[in-house]
Amino acid sequence: MAQASLAHASLPGSIFAPHSTPAHEEHSLSLFVLSICLLIFLGVSGLLVYALIRFRARPHDTAEPPQVFGSLQIELSWTIIPILIIVVLFLGTARVLFSVQDAPEPPTALDVTVIGHQFWWEFRYPKYNVVTANELHLPLSTKSDPRPSFLKLTSADVMHSFWVPQLGGKTDVLPNRVNEMWTDPLETGLYVGQCAQFCGPEHAKMLLRVYVDTPEDFEKWIKNQQRTQAELAQPHMAMASMPNPGNQSAGPVPPNSPPTHGAVAAATSTEATDAIDARNGQLVFEQQSCISCHTVAGTVANGRYGPDLTHLMSRATIGAGAALNTPGNLEAWIADPNTFKPGCLMPAMHLSDRQNAQITAYLLTLK
Amino acid sequence: MADQSLPVGHGIPSGQGIEAALDRTPAHGGRGTYLEVIHSWIVTVDHKKLGILYIAYALVFLLVAGAEAMLIRIQLIKPHNDFVSPFTFDRLFTMHGTTMVFLVGMPILFGFGNYLVPLMIGARDMAFPRLNAFSFWISAFAGILLYYSFIGGVGLSGTGSAPDIAWFAYAPLTEKAFSPGHTTDYWAIAILASGIGSIGTAINIIATVFCMRCKGMTLMRLPLLAWLYATMSFLALVAISPLTACQAMLLIDRYLGGHFFDTQAGGSAILWAHFFWIFGHPEVYVLVLPPFAFANEIIPVFSRKAIFGYPAMVAASVGIGFISLGVWAHHMFTIGMTSFGNAFFTLSTMLVAIPTGIKTFNWLATIWGGKVRFETPMLFSVAFLFQWVIAGLTGVMLSVSAWNWQLHNSYFVVAHFHYVLVGAIVFMIFAAIYYWYPKMTGRMLNEKLGKWHFWLMVVGFHMTFDVMHFPGLLGMPRQIYTYEPDRGWNTLNFIITIGAFIQAIAVLIFVYNMVHSYFRGEDAGPDPWDAWTLEWATASPPPAYNFAVEPEVASRRPLWDVKHPEDPDSAFE
Amino acid sequence: MATIPLEHGTAQGEWRLPSRGTVAMSCLITAESTIFTIFVVAYLYYMGRDVQGPTPKEVLEVPIFYTVCLLSSSFFIWLAEHAIEHAKMAAFRLWWGVTILLGLTFLYGTAAEWYKLIVHDHLTISTNLFGTTYYSLVGLHASHVIVGLIMMLFVMAFSLFGAVRPEHAYRVKTLALYWHFVDAVWVVVFTVVYVVSRQ
């Protein structure tokens, strides 16, 4: 599990704590707009307060005041001045809008594909053939060594929205459409966010964790993610699955396609014994319907509906942030995900306590 | 016996003679049995009765949607709260929004329009009284259908099939694949029915304003309220129709196997967003123009001055109507439009601030040089002015598309639109009720209770909605049933909930005032506020025929001319 | 706006207001046009985006004859309006009846076309995007034709009983305005569906 501190721990979602170029530009623009609006507010409300005090009716004064019906000059002035203010605001906005949205992608950029699901995030790194879930790792980008991350976002089901405030504004995630955004994190650390488009009952718990690593740490993380569980196979696993080192496509991955690393191997007909250990856990995992939704690269499990579990233990949380990734929580989650996230699309499988413990033991080995 | 209305324009005695000319006997006696009274209300085609029916219906739903808001705020008072389940919470915020827009906002504003427009233009009734009645009853049916959803489907436990798809019901969440139950269907059909009622009333208002004016009332002598209601009705015509189309498309997808929003077949989720907001944005102007209309009538009377810049106000109002048709995609800056598209909608949205600003400055200029009286209607109007300026400025902030990428779908947006809906619209609705309740019932609302209502609303409103901007700025998205404790949102949410309770108390005081004053309120007489438009030239409540003799007007303030024959407006227009 | 008193001549002209029926029907037409616009936009947006299934080019035949029927009915209803304005009730009934017949012919044409598309070409509202947008747009128009024909049949019936008199010309014109709108919409629908999307 990556050791990282929450950037700006007390207000980790603040849009006034920018840590990337787009976030900085949006931040400066916001201060500019805020100042203009504050001046307008003070001016208009000041006049209003003054008028209400100065022109209040005095007691016993029943005469009507002079009736004034209008003035063309005044009307023109308070038409022209707002037009000028708007020209200024619009030009300021357009500058940032075009510079952020239409920024070209440099060759040093990292490509990441983001796929929104109800209620979790899938992340793919096409050039590295890595597939993971819910916790995104991005490399640090500095002036001397710029490594911006260019994201392509799409959805496997309904509309979602990818929002990590300190790394930039949000981008909506739609089915049958690829949206694009970029960020260049300028400081290492852990950044948090969450889905920002209502997508169903557990929209609130579709959280995001973005770890910004130094280039070295990022390489280490990628290398680990690239290893299939067959390569990492413990002796007791040799019977359960056959390794396949093959790894094919190098281009961007369309959504809902099979995982690119590891391949289907023959399922075993061995029966699990009563011992609560990883070997039995893997047998139960592969013989129950877990594998119809989940992938563990290098094994027979290659379901795409739920998060990729190949390196589950490299993540700090489970259920897209619904709970911390501890053995106790893991076992409770498997027994009934609705304890943490009522309405999430993983059903309670109604396995025995023994089977739940065995599966947990297996999952704990997926580092 | 003296006539129940003033024969404006036909040689009336000036000064004290007016009072003698008018029969002030409140029309309370000789109404018949209870059954006859109820029957008369059910079969009525009288615009005044229908107006009151609309307003009463809306106030009932205001309490219901307000209760839904209280439940939402209780759930959000602390992080990881389990007061309601996520399923219930999703229904609560969907129903709160849908109810407030379609069963409170639209009906109450159409109700005031129904009541006031014919009176203020010196007409006998609306242009199409039976269409009027039909529109009301279909809207009423729509509300009942929408709320039936709570017990339809799985029944009361789990809150039935009440809609849980958010008030803007984005596709494809609403497609059969993702919403297999009936929640979407209740939403679509109820709103479709209510839309038919709204279009009927909009047609009626436009036809009334253009075709039923009394003699001498040229378009440039129309009360500004009539101008704004005509503009709002035009907007309703071209805005509600797209929503009707949306719902038809959704129902075709859900029941006839259509693919309008079916992304598997090549359909597009963005299309729903565009079509919905083509309705949604003009809709909020439909909701805000009548409150502007109330301000245009109330502020001059309580400042004792004519509205400043009448032609500019007409131009600004109509301009707001037209420009508001071209800004809808500012709700979609994050959906992936091109940078050119984003820039276009930034500019068009900023442009709508120009006529809006003109109106605000004209109100300021109306107060300037006047003699301001601070009875309850004016208190609410003053609060409206301040709050409107803030709401408009946060709207300008949201129009800045590059910053909108941070603010969109956060609590900053929720704060902004509640500032408009509550701070501007509801406050002006309260002002209008305090101002015209005497005309509708013949009784004054209690001033002391009115002031309690006002100050508690101000405190509660600001406690909730000023503070609500901050969780948005700190990254809190909207429509979430709970939130993480380590984001710094906890105390803010707590304060927001307390403010909601204070507003609830204010509203309860207001309801008590309305009921108590109906039986015990001070007698109002025809013109308690010393105002200048035609509705004050007849008894309170007006007789069924409104005016015994059709008025003839020569200026924008016919009663000013009557009360000040030495200085009539007609000399200046 | 001045604050100096102005001199006015007293305007003693007739007090004229627009007619309620025309204003109301124009408002209804505005609202309905917006609904049609949304369906037309959906049709245009989805052109060429079908994943499978028959395309417009493959299955649509241009309904020239039925279009001529519908559009010419606008001329005949105009003749009927003219007749009742000049108190020629027999002529009114004749032209009104011709209009109704032409409208019914158009409806028959739509029904025949849909029969061919559904039974022979296997195109339904659920086949693909073209099916969905085509049937909803043409169907929306056809439903407006049906409503118009029902109203016109009522007027025909009233007229045959002698209840329609020259002083009702204004009401007849209001209904005729609706019928002209229905025809104008068909011009747009025809262009979009049978001309543009068959390219």
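Residues numbered from 1 in each chain as written. Chains lettered and ligands numbered in written order. Predicted model: local features only at pLDDT ≥ 70, side-chain atom pairs only at ≥ 80, totals over all residues. Heavy atoms only, no water.

Student: Please explain the packing of aromatic side chains as it appears in this structure.
Tutor: Pairs of aromatic rings are described using the distance from one ring centre to the other and the angle between the two planes. Taken as a whole and judged by the stated rule, the model has 81 aromatic pairs over all chains. Taking 5.0 Å as the distance between ring centres and 80° as the angle between the ring planes, the aromatic pair formed by B:Tyr54 and B:Phe136 counts as edge-to-face. Residue B:Tyr54 is found in helix α3 (residues 47-75), and its partner B:Phe136 is found in helix α5 (residues 129-148); the two are separated by 82 residues along the sequence. Residues B:Tyr54 and B:Phe136 agree in their burial class; the two are buried. For the pair B:Phe380 and B:Phe427, a centre-to-centre distance of 5.6 Å together with 65° between the ring planes defines the contact as edge-to-face. Pair noted here: B:Phe380 is in helix α11 (residues 376-399) and B:Phe427 is in helix α13 (residues 411-441), with a separation of 47 residues, a long-range link. Taken as a pair, B:Phe380 and B:Phe427 share a single burial class, namely buried. Each residue in the set B:Phe102, B:Trp167, B:Phe168, B:Tyr170, B:Trp187, B:Phe260, B:Phe261, B:Trp272, B:Phe276, B:Trp277, B:Phe279 and C:Phe39 is aromatic and connected to the rest through ring pairs, giving one cluster. Here the basic side chain of B:Lys49 rests over the ring of B:Trp41, its NZ or CZ set 5.4 Å away from the ring centre. Across from the ring centre of B:Trp560, 4.2 Å away, lies the NZ or CZ of B:Arg557, which sits over that ring. (Phe/Tyr/Trp six-rings, centres within 6.5 Å; stacked < 30°, edge-to-face > 60°. Helix = DSSP H or I, 4+ residues; strand = E, 2+ residues; numbered from the N terminus. Buried < 20%, exposed > 50% of the residue type's maximum accessible area, 1.4 Å probe, protein only. Lys NZ or Arg CZ within 6 Å of the ring centre and 35° of its normal.)

Student: When you look at unusual backbone geometry in this model, what are you seeing that I'm missing?
Tutor: The phi torsion of most residues other than glycine is negative, and most of the peptide bonds are trans. In the segment running from A:Gln118 into A:Phe119, the intervening peptide bond is cis, with an omega of 5°. Its place among the elements puts A:Phe119 in the loop between β1 (110-117) and β2 (120-125). Of the consecutive residues B:Ala171 and B:Pro172, the connecting peptide bond is found in the cis state with omega at -10°. Inspection of the secondary structure puts B:Pro172 in the loop between α5 and α6 (183-211). For A:Ala320, which is not glycine, the phi dihedral falls at a positive 55°. Within the secondary structure layout, A:Ala320 lies in the loop between β11 (317-318) and β12 (323-324).

Student: Explanation requested: the sheet that holds strand β10 (residues 207-213) of chain A in the structure shown.
Tutor: Sheet strands pair by backbone hydrogen bonding; their relative direction is either parallel or antiparallel. Residues and elements named next belong to chain A. Read across the sheet, 3 strands follow the order β4-β10-β9 without closing on themselves; strand pairing throughout is mixed. The open sheet has two edge strands with one neighbour each: β4 (135-139) and β9 (189-194). The mean inter-strand angle of the sheet, taken between neighbouring strand axes irrespective of direction, is 25°. Where β4 meets β10, 5 bridges bridge the pair, whose relative direction is parallel. Each bridged residue has a counterpart across the sheet, and for Glu135 the counterpart in β10 is Arg209. Contacts from helix α3 (residues 215-226) reach β4 and β10 within the one sheet, and its direction differs from that of β4 by about 135°. (Pairing = 2+ DSSP bridges. Axes fitted to C-alpha atoms, helices over the stretch in contact; angles between N-to-C directions. Contact = heavy atoms within 4.5 Å.)

Student: How should the interface of chain A and chain B be read in this particular structure?
Tutor: Interfaces are frequently sized by the accessible area removed from exposure as the parts join. At the interface, 88 residues of chain A touch 98 residues of chain B. Put simply, B:Arg304 and A:Glu64 hold a salt bridge, and the shortest N to O gap is 2.7 Å. Going through the elements one at a time, α1 (21-54), α2 (72-101), β7 (171-173) and β9 of chain A are the ones with two or more residues in the side of chain A that touches chain B. For the side of chain A that touches chain B, the leading source of residues is α1(A), giving 16 residues. Its residues assigned to classes, the side of chain A that touches chain B comprises 52 nonpolar, 24 polar and 12 charged. (Salt bridge = Lys/Arg side-chain N within 4 Å of Asp/Glu carboxyl O. Nonpolar A, V, L, I, M, F, W, Y, C, P; charged D, E, K, R; others polar.)

Student: What should I look at first to understand the pattern of salt bridges in this one?
Tutor: With the rule as written, the count across this model stands at 22 salt bridges over all chains. Note that A:Glu135 is salt-bridged to A:Arg209, the shortest N-O span being 3.7 Å. One end of the pair, A:Glu135, is in strand β4; the other, A:Arg209, is in strand β10, and 74 residues separate them in sequence. For C:Lys173, the salt bridge is made with C:Glu85, and the minimal N-O distance between the two is 3.0 Å. Of this pair, C:Lys173 sits in helix α6 (residues 169-196) while C:Glu85 is found in helix α3 (residues 64-85), placing the two residues 88 residues apart along the sequence. It is possible to trace a salt-bridge network through shared partners that takes in A:Glu64, B:Arg304, B:Asp527, B:Asp530 and B:Lys563.

Student: Whenever I open this one, the nonpolar core confuses me. Can you help?
Tutor: Most often, soluble globular proteins have nonpolar side chains that are buried together. Counting residues in hydrophobic clusters, the biggest one holds 329 residues, and the most contacted among them are A:Phe162, B:Phe112, B:Phe294 and C:Trp96. In this structure, B:Phe294 is in contact with B:Leu109, B:Phe112, B:Leu225, B:Tyr229, B:Met428, B:Ile429, B:Ala432 and B:Trp436, ignoring residues within four places of it in sequence. If you look at the next biggest cluster of nonpolar residues, it comprises 21 residues, including A:Val296, A:Ile334, A:Leu363 and A:Leu366. (Core = buried A, V, L, I, M, F, W, Y, C linked by side-chain atoms within 4.5 Å.)

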